[in-house]
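The primary structure of each chain is shown beneath.
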Amino acid sequence: MEKAILQLETLSCPSCMQRIEGAVKSVSGVDKDSIKVLFNSSKVKTNFDSAVTSIEEIQKAIENVGYPVLKAKVKAA
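As the structure is a prediction and not an experimental result, all values here were calculated from the model.

Definitions and cut-offs
- Residues numbered from 1 in each chain as written.
- Predicted model: local features only at pLDDT ≥ 70, side-chain atom pairs only at ≥ 80, totals over all residues.
- Heavy atoms only, no water.
- Helix = DSSP H or I, 4+ residues; strand = E, 2+ residues; numbered from the N terminus.
- Expected span 1.5 Å × (residues − 1).
- Buried < 20%, exposed > 50% of the residue type's maximum accessible area, 1.4 Å probe, protein only.
- Arc of directions from axis to C-beta.
- Contact = heavy atoms within 4.5 Å.
- Axes fitted to C-alpha atoms, helices over the stretch in contact; angles between N-to-C directions.
- Parallel < 35°, antiparallel > 145°, perpendicular 65-115°, else oblique.
- Left-handed = near helix turned anticlockwise from the far one by under 90°.
- Nonpolar A, V, L, I, M, F, W, Y, C, P; charged D, E, K, R; others polar.

### As for helix H1 (residues 14–25)
Along its twelve residues, H1 runs 17 Å from first to last C-alpha, staying within 8% of the 16 Å computed at 1.5 Å per residue. Of the positions making up H1, those classed as buried are Cys16, Ile20, Ala23 and Val24. End-on, the buried residues of H1 take up no more than an arc of 95 degrees, which puts them together on one face. Opposite its buried face, H1 presents the exposed residues Pro14 and Gln18, each directed more than 90 degrees away. On its buried face, H1 is in contact with strand S1 (2–8), strand S2 (36–38), strand S3 (43–48) and helix H2 (55–64).

Structure (structure tokens):
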């Protein structure tokens, strides 16, 4: 497992957080229990199986629901 940390543009409402969480949950290989959407810092953190998916797929899922990702990085979980 690896940890994805994605910096988004400013989040403006709690429903934004729910849409983003739903998008990340839809990606195969993401640990659904590890998803954290942080409103104050506009970050998304989650663990994922790099044998199944990539940080690029997670980023694409977030951007497909209308939230630009400014920066994405991977760390060892």
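### Regarding the packing of H1 against H2
Close contact between H1 and H2 brings their axes to 8 Å; oriented N to C, the two are set at 140 degrees. Taken as axis vectors, H1 and H2 run oblique relative to one another. As H1 packs across H2, the resulting crossing turns out to be right-handed. Touching Ile20, Ala23 and Val24 of H1 are Ile58, Ala61 and Ile62, all from H2. Residue composition of the contact of H1 with H2, grouped by class: six nonpolar, no polar and no charged.

In short, geometric facts, not functional conclusions.
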